[in-house]
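Here is what each chain is made of, one letter per residue.
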Amino acid sequence: MIKKNDVLTEYVVDIGSNGEGIVKKDGLVIFLPFALIGEKVTFKVLKVNSKIAYGKLLEVISPSQERVNAICPVFTKCGGCSVQHLNYDSQLKFKKDNVVNCFNKIAGLKVGVDQCVCSDNQFRYRNKLQLPVSFNGERTIIGFYAENSHRVVEIKDCPINKEYTKTIIEIFNNFILENSFKGYSEITNSGDIREITVKEISGNLIITVVWIRQQEKGIKGLINALKLAFGDNFSLFYNENNKNTNVIYGEKFFLKHGLSEYTATRLGIKYSSGVLSFMQVNDNVCDKLYSYVVEQVKGFAPDTVIDAYSGAGLMTALLSKTAKKAIGIEIVKEATACADLLAKNNGLQDKMFNLTGACEDLIPSVINKEKEMGNKVAIVLNPPRKGCDVNVINAILKSDIDKIVYVSCMPSTLARDVGLLLGSLKQVDGKIEKVDNYIPKYSINSIKTFDMFPQTKHVETVVVLEKN
Ligand SMILES: C[S@@+](CC[C@H](N)C(=O)[O-])C[C@H]1O[C@@H](n2cnc3c(N)ncnc32)[C@H](O)[C@@H]1O
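Counting of residues starts from 1 at the beginning of each chain's written sequence and follows it residue by residue. Only residues with pLDDT of 70 or above have their local features reported here, since the model is predicted, and side-chain atom pairs are shown and tallied only from 80 upward, although totals for entire chains, interfaces and linings are computed over all residues. As a convention, hydrogens and water are excluded, and side-chain values are obtained from all of the structure's heavy atoms.

Let's talk about the overall build of the chain
Quick reminder of the rule: Secondary structure elements follow DSSP: runs of H or I no shorter than four residues count as helices, runs of E no shorter than two count as strands, and numbering proceeds from the N terminus. Based on C-alpha atoms, the radius of gyration is set beside the globule rule, defined as 2.2 Å times the residue count to the power 0.38. Between buried and exposed lies partly exposed: a residue is buried under 20% and exposed over 50% of the maximum accessible area for its type, with that area taken using a 1.4 Å probe on protein chains only. Contacts were defined at the residue level, with two residues in contact if any of their heavy atoms lie within 4.5 Å. Using a 1.4 Å probe, accessible areas were evaluated by the Shrake-Rupley method; residue-level cover was limited to the displayed protein chains. In this tally Asp and Glu are treated as negative and Lys and Arg as positive; neither His nor the chain ends contributes. Every charge is mapped to an atom, namely NZ of Lys, CZ of Arg, CG of Asp or CD of Glu.
When helices and strands are counted, the chain shows nine helices and 25 strands. On C-alpha atoms alone, the chain measures out to a radius of gyration of 24 Å, which is about the 23 Å that the 2.2 N^0.38 rule sets for 468 residues. In terms of overall dimensions, the chain has a C-alpha envelope of 65 × 65 × 40 Å along the principal axes. Buried positions account for 52% of the 468 residues belonging to the chain. When contacts within the chain are restricted to residue pairs at least 6 apart in sequence, long-range pairs at least 24 apart make up 62% of them. Of the roughly 21400 Å² of accessible surface on the chain, 50% is carried by carbon and sulfur atoms. Between the averaged position of the 59 positive side-chain charges in the chain and that of its 51 negative side-chain charges there is a distance of 2 Å.

Structure, rendered in structure tokens:
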């Protein structure tokens with residue numbers, strides 16, 4: 001019987017949804033991060049449950065041809081890139097297969113998924129950087145969280161984030177040292193600085209320092225150092241958050257330098273984005289994804305497109321060109337304000353309407369109104385990772401909307417929601433159950449994956465559904 005601390009040598013037979021290798025032995029499925037299919041590996045058993053176990057890779061005895069050398073010095077320690085050791089073509093295949101498996105396992109749906117659309121840049125692609133700042137008992141460090149933990153792994157740079165990452169870390173390490181600031185301790189909910197975030201909009205950086213309580217000490221030196229590095233192309237916010245939660249930002253933002261928003265042009269649309277508005281993290285793949293979504297809706301020629309979970313409105317604007325009007329629904333007020341400005345700056349005020357509120361509250365009445373007017377309606381759904389609220393799914397089912405384009409960065413919740421829309425799943429007393437015999441209300445027209453997040457396990461997926 002396999003026990004904790006056993007050291008075993010076995011072959012890896014499969015890959016799991018997090019990109020980890022899978023070894024099967026003595027009725028156990030053993031998850032082995034950073035091992036690849038076909039490899040003979042030696043590993044130590046860390047934990048054993050009744051049917052599954054977890055191991056730590058000690059040695060790769062016969063490496064797979066798919067294995068490449070990871071370029072990041074903290075690869076395997078930081079929780080960011082779980083598949084940097086896999087060559088890029090194999091990463092694309094893994095992501096596509098992962099979506100197929102999720103649909104099968106979660107929704108009981110056997111689906112075909114198109115080849116994953118690649119990212120032109122496999123490194124240095126991210127436009128959003130989030131660096132937790134922590135006091136490790138001895139000193140303050142800036143880094144990323146280790147996998148499934150809130151332990152910060154110190155970093156000096158990050159190869160999937162842009163080149164400015166190294167400079168930002170250097171500047172803030174100096175700022176912290178020169179002013180004797182302390183990083184955050186979750187255990188005691190104490191310290192000075194919790195997080196540093198950077199959002200890049202077309203070469204301009206919105207830098208935010210999240211404090212327990214903001215301090216003015218050293219701010220002139222900080223702004224000077226940032227000016228020396230980035231000229232006029234940055235703004236600096238201070239934010240206060242003294243709550244012991246996972247939420248990064250507190251309610252209050254204080255602009256210390258530069259503009260509160262930056263404007264850029266993408267796919268022919270002038271848009272602006274501030275610190276809170278959601279932006280897809282990979283500009284190149286975002287363009288490919290949006291163009292594909294627009295193409296799907298355009299072919300249907302709707303009167304109205306509802307853009308649910310619309311962020312700062314860029315996709316709503318693009319969608320408004322495929323229909324008589326587009327209605328964006330977004331919960332963050334700042335994002336809707338950006339979307340309104342975008343409509344104005346692009347002369348789309350008569351075609352693009354932005355509503356602030358929760359989709360679960362607004363969608364039922366928005367759909368009803370459009371249907372009552374006799375409009376042919378398409379809906380684009382792009383919820384956060386947790387997927388759509390059940391009220392949104394029910395409103396769509398009730399309304400018989402003809403075309404749904406569902407964009408998701410989380411294959412498991414996507415599969416669940418598509419299962420609910422098709423009828424292979426149903427919700428009973430808040431629990432999801434499989435349905436054996438059902439007449440599908442919608443057909444899956446296509447499923448396409450986009451590699452928004454190279455080197456990581458994550459993938460963006462677009463499912464196009466049509467009413468039967
Ligand atoms: C994955 S993002 C998509 C944004 C946009 N479609 C884009 O491509 O930039 C999800 C968005 O949903 C918003 N959101 C989260 N929960 C929501 C809700 N219940 N109702 C409406 N919007 C919500 C978030 O603020 C975020 O802007």
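With respect to the site of the ligand
The criterion, for reference: The near set for a molecule or strand comprises every residue that places at least one heavy atom within 4 Å of it. Here a polar contact means two N or O atoms within 3.5 Å. Within protein one must be a hydrogen donor candidate and the other an acceptor candidate, and residues neighboring in sequence count only if both atoms are side-chain atoms. Gly is placed with the polar residues, together with every amino acid not listed as nonpolar (Ala, Val, Leu, Ile, Met, Phe, Trp, Tyr, Cys and Pro) or charged (Asp, Glu, Lys and Arg).
Near the ligand you find 16 residues, and of these Q280, Y290, E330, C359 and N382 are the closest. A distance of 3.0 Å separates a nitrogen atom of the ligand from a polar backbone atom of Y309. A distance of 2.7 Å separates an oxygen atom of the ligand from a polar atom in the side chain of E330. Of the residues assigned to the shell around the ligand, the class counts are nine nonpolar, five polar and two charged.

Some points on the side chain of E330
Which entries qualify depends on this criterion: Basic side-chain nitrogens of Lys or Arg form a salt bridge, by our definition, when they fall within 4 Å of a carboxyl oxygen of Asp or Glu.
Locating E330 in the fold gives a position in strand β18 (residues 325–330). One buried charged side chain, E330, makes no salt bridge at all; its nearest oppositely charged neighbour is K199, positioned 10 Å away. When residues no more than four places from it in sequence are discounted, the contact partners of E330 are Y309, S310, G311, A335, T336, L355, T356 and G357.

Focus on the sheet that holds strand β2 (residues 14–15)
Rules: When DSSP finds at least two bridges between two strands, those strands are taken to pair.
Strand order in the open sheet formed by six strands is β1-β5-β6-β4-β3-β2, with mixed pairing between adjacent strands. The two strands at the open ends of the sheet, each matched to only one other strand, are β1 (7–11) and β2. Examined bridge by bridge, β2 and strand β3 (residues 21–25) share two bridges and lie antiparallel to one another. Within β3, the position partnered with D14 by the bridge is I22.

Points about the packing of aromatic side chains
For the record, the criterion: The pairing test for Phe, Tyr and Trp rings, Trp by its six-membered ring, is centres within 6.5 Å, and the orientation test on the planes gives stacked under 30 degrees, edge-to-face over 60, and tilted for anything in between. Working rule: Lys NZ or Arg CZ, within 6 Å of ring centre, within 35 degrees of ring normal, means a charge sits over the ring.
Per the counting criterion, the structure on display carries 10 aromatic pairs. With a centroid separation of 6.2 Å and an interplanar angle of 85 degrees, the aromatic rings of F175 and W211 are classed as edge-to-face. Of the two residues, F175 sits in helix α2 (residues 164–178) while W211 sits in strand β12 (residues 204–211), which places them 36 residues apart along the sequence. Ring geometry for F181 versus W211: centroids 5.0 Å apart, planes at 90 degrees, classification edge-to-face. Taken together, the residues span a long stretch of sequence, with F181 in the loop between α2 and β11 (193–201) and W211 in strand β12 at a distance of 30 residues. The same class applies to F181 and to W211, which are both buried. Joined through ring pairs, the aromatic side chains of F172, F175, F181, W211 and Y238 make up one cluster. Across the ring face of Y184, the terminal group of R194 is positioned such that the distance to the ring centre comes to 4.2 Å. Just above the ring of F300 sits the side chain of K376; from NZ or CZ to the centre is 4.6 Å.

Describing the domain arrangement of the chain
Our working rule: Domain borders in the structure are assigned automatically or taken from a domain database.
Each assigned domain of the chain is listed with its residue range as follows: domain 1 (1–67), domain 2 (97–119 + 266–467) and domain 3 (128–261). Look at where the C-alpha atoms of domain 1 and domain 2 centre, and you get two points 37 Å apart.

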